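A structural walkthrough
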Amino acid sequence: MILVRRRAGGLPTGPARVARARTHELTGGDRVLQWVSGVAATIPLAGLLFITIILVVWAIPAIIYSGFGVFTSDKFFIGNFYSLNFTSVNGVVAPFGANYGALTFIIGTLTSSLIALVLAVPISVGGVLMLSEWIPRRLEGPLSTFLELLAGIPSVVFGFWGLTVFGPFLGAHVFPALSHLGVILPFFKGSWAYNGQGLLTASLVLTLMIIPIIASTTRQLVKRVPVLASEGALALGMTRYEVVRVVTIPYVRTGIIASALLGWGRALGETIAVLLIIGMANNPPVNIYGTTSTLASTIADDLDSALSDGTGMALRAMAMLGLILLIMSLVTNLTGRLVVRRISTESLPVGRGV
Amino acid sequence: MSKTPRLRHVRGVAFWILCGLALLLIITPAVAIILSVLVKAAPQLKLSLFTNTTADLQNPGLQNAILGTLVLLLGVAVVAGSIGVLGGIYLAEFAPRRLGGPLRFFSEVLAGVPSIVIGLVAYTAFVEALHWGFSILSAIIALSLLTLPYIVKTTEVSFSQVPRSLREAAIALGLSRITTIRKVLLPPALPGIISGMVIALAIATGETAPLLYTASFSNTNPSAGLFHNPIGYLTYVTYYYVQLPGAQNQALASAAAGVTILLVLLLIFAGRAITARQRRLMARLDV
């Protein structure tokens, strides 16, 4: 009826078109729902703005106090709360001796998340290719449940397992062997904590936590590889590996990059698991097994003591760490989601890839 | 491919062996984590776990933590559920393309904000600036911000998956939008919406970081009052007690980890089951 009259050029092709063609004939109730739901739909964006503004406003004094020292100093000390003296820099007063250098945490965050990313991408892609190319259809469903299981395990359970089972196992059996590899690969040299707490254990657990994000996207994409292209490649006499290399991988590459960026963002912000496993040392890691801490885990660990700072500066320093972390995760997330917009797939998983 | 057939074959075999290894590296840890946590938790599963609180010195249990988690989940279901479903309806049914795109995009970006950042902001804004103190409401808001994008997304997808034929029928009948949504689109979309909410609750159950400085923790059972009222929850028990020495503390941490993982997996599988049912339903509806 109205559709046909308004769009003489041809019939509308989807729900969105139908919906738009009818916007002028909303009833009163429709308008109320449109407004109420419209307000609800802006709340995520409002929340994002709220988070950013609160952090910026709270962090300003700490930024003034620290200047570029945030990025150049690896000495993070919230100051002596019991001293009668105070340290004042650029007119901002903080507890005696306070110094908010975040370099340790930035290094810890970047190294732990990058090691995790480097391991998680090939494992996810290889596992998904195996699943889709060789595993029989009947087994594919049950086996892919393991991905969902991995995605569903809470952060604190990963931490619990890493602290009580995985870390001690690595410390007793795997790290000794790895350190012998140091002869060939120098970065495996060094000593480790007997309970396995440290950078490498945390990175390995982070790897497990971000595999579901990368694997679930790759799996969706691999399913959509045009059958004609891969069958054509097979018909040309290519082996299955060559088909994957020439047809499948180029087709899913962009999606893998995008989901890897999302996984990286997840690894940057992971808190409780890392806190329990990485050792929470206030220094950059001495070697690949070394204890250190990350931005996220420091906020969770130190906020407690920051609360008793009479000048309130420690809390603002926490906000500054939070702001650095927010910027890092926004950059990875925005880039990942913008990359994926260029390819014709549904968007990336939201949340932890459950 | 100018190489000899033999070399090509060897390369292929090597590649697929590595892929098989990768698949093993995904499956083994998933099984290992769940099994080892459940094995550690199993001996602790006694009745006192559900009748005593963590305050009990002789025989501590998880009653306060379990009840607290349920209270928080209820709050998230109400707050994030209502806002998320409405937001999803707007994006699916009303939003003009130029507005819907950015709203959807930033909602997904919000999902990428680290949970500790949300916790820190909720602490500064609600607990400190608004003087709510450690409170149930600030915890619910923090968890809701975290799960909202997920509910918005699943609601929108559920609505847009309703077959076009149903929409066209509603248009042909001259139904108003609100009636179309309530009577025509909602019934087939509902299972998808519910499964999205259930999985959002699973995510909320497993979170610790946003709650540390909003809910804080309480050794007693939850009480009425949204403000100045700390509340217990399961993940905190694991987080806190695993860091303390002593067999009893470790046992309590294991028990809490076991109960948490069971609750989360239960919610995820419930959500999956609903989705599977809906898919069959949709297949039948599509004319």
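Residues numbered from 1 in each chain as written. Chains lettered and ligands numbered in written order. Predicted model: local features only at pLDDT ≥ 70, side-chain atom pairs only at ≥ 80, totals over all residues.

**Things to note about the overall build of chain B**
Across its full length, chain B holds eleven helices and zero strands. Going from the N terminus to the C terminus, chain B shows its helices and strands as α-α-α-α-α-α-α-α-α-α-α. Counted over contacts in chain B with a minimum sequence separation of 6, partners at least 24 positions apart contribute 77%. (Helix = DSSP H or I, 4+ residues; strand = E, 2+ residues; numbered from the N terminus. Contact = placed C-beta atoms within 7 Å.)

**Structural notes on unusual backbone geometry**
Residues and elements named next belong to chain B. Phi at Ser216 takes a positive value of approximately 55°, unusual for a residue other than glycine. What makes Ser216 buried here is the crowd of 20 C-beta atoms within 10 Å. Positive phi values are uncommon outside glycine, yet His228 reaches one of about 45°. Structurally, the position occupied by His228 is in the loop between α9 (209-212) and α10 (234-241). (Buried ≥ 20, exposed ≤ 12 C-beta atoms within 10 Å, placed from the backbone.)

**Examining the interface of chain B and chain A**
Facing the 81 residues of chain B at the interface are 83 residues of chain A. The element contributing the most residues to the side of chain B that touches chain A is helix α1 (residues 5-41) of chain B, with 20 residues. Looking at the side of chain B that touches chain A residue by residue, the classes come out as 57 nonpolar, 16 polar and eight charged. (Nonpolar A, V, L, I, M, F, W, Y, C, P; charged D, E, K, R; others polar.)

**A short note on the environment of Leu23 of chain B**
By secondary structure assignment, the location of Leu23 of chain B is in helix α1. The residues touching Leu23 of chain B, leaving out its near neighbours within four places in the chain, are Gly127, Met130 and Leu131 of chain A.

**As for the pairing of strand β3 (residues 92-95) of chain A**
Working note: regular strand, side chains alternate between the two faces of the sheet. Residue and element names in this part refer to chain A. Judged from the four bridges that link them, strand β2 (residues 86-89) and β3 form a sheet pairing that is antiparallel. The partner of Ser88 across the bridge, within β3, is Val93. As consecutive antiparallel partners, β2 and β3 are separated by two residues, and within that stretch Asn90 has a phi angle of approximately 50°, a positive value. (Pairing = 2+ DSSP bridges.)

**Describing the environment of Leu325 of chain A**
Within the element layout of this structure, Leu325 of chain A appears in helix α13 (residues 313-341). In this structure Leu325 of chain A comes out as buried when scored by C-beta crowding, with 28 C-beta atoms within 10 Å. Taking the C-alpha atoms as reference points, Leu325 of chain A and Leu268 of chain A, 57 residues apart in sequence, are found 7.5 Å from one another. If near-sequence neighbours (up to four positions away) are discounted, Leu325 of chain A is found in contact with Leu268, Gly269, Leu295 and Ala296 of chain A together with Pro114 and Val117 of chain B.

**Description of the environment of Gly133 of chain B**
Residues and elements named next belong to chain B. Looking at where Gly133 falls in the secondary structure, it is placed in the loop between α5 (115-129) and α6 (136-160). Residue Gly133 is classed as partly exposed on the basis of its C-beta count, with 14 C-beta atoms lying within 10 Å. Between the C-alpha atom of Gly133 and that of Asn229, which follows or precedes it by 96 residues, the distance is 7.4 Å. With residues up to four places along the chain from it excluded, the contact list for Gly133 reads Val127, Phe227 and His228.

**Notes on the domain arrangement of chain B**
Residue and element names in this part refer to chain B. Per the domain assignment, the segments making up chain B are domain 1 (5-43) and domain 2 (45-285). Each of domain 1 and domain 2 has a C-alpha centre, and these two points are 32 Å apart. Partitioned by chemical class, the residues of the side of domain 1 that touches domain 2 number five nonpolar, no polar and one charged. (Domains from an automatic or database assignment.)

**Concerning the packing of helix α12 (residues 295-306) of chain A against α13 of chain A**
All names here are of chain A. Relative to each other, α12 and α13 sit at 165°, their axes nearing to 10 Å. Considered as vectors, α12 and α13 are oriented roughly antiparallel to each other. Of the two elements, α12 crosses α13, and the hand of that crossing is left-handed. Between α12, through Leu295, Ala296, Thr298, Ile299, Asp302, Leu303 and Ala306, and α13, the contact on the second element is made entirely by Ala314, Leu315, Met318, Leu321, Gly322, Ile324 and Leu325. Taken together, the residues of the contact of α12 with α13 break down into eleven nonpolar, two polar and one charged. (Axes fitted to C-alpha atoms, helices over the stretch in contact; angles between N-to-C directions. Parallel < 35°, antiparallel > 145°, perpendicular 65-115°, else oblique. Left-handed = near helix turned anticlockwise from the far one by under 90°.)

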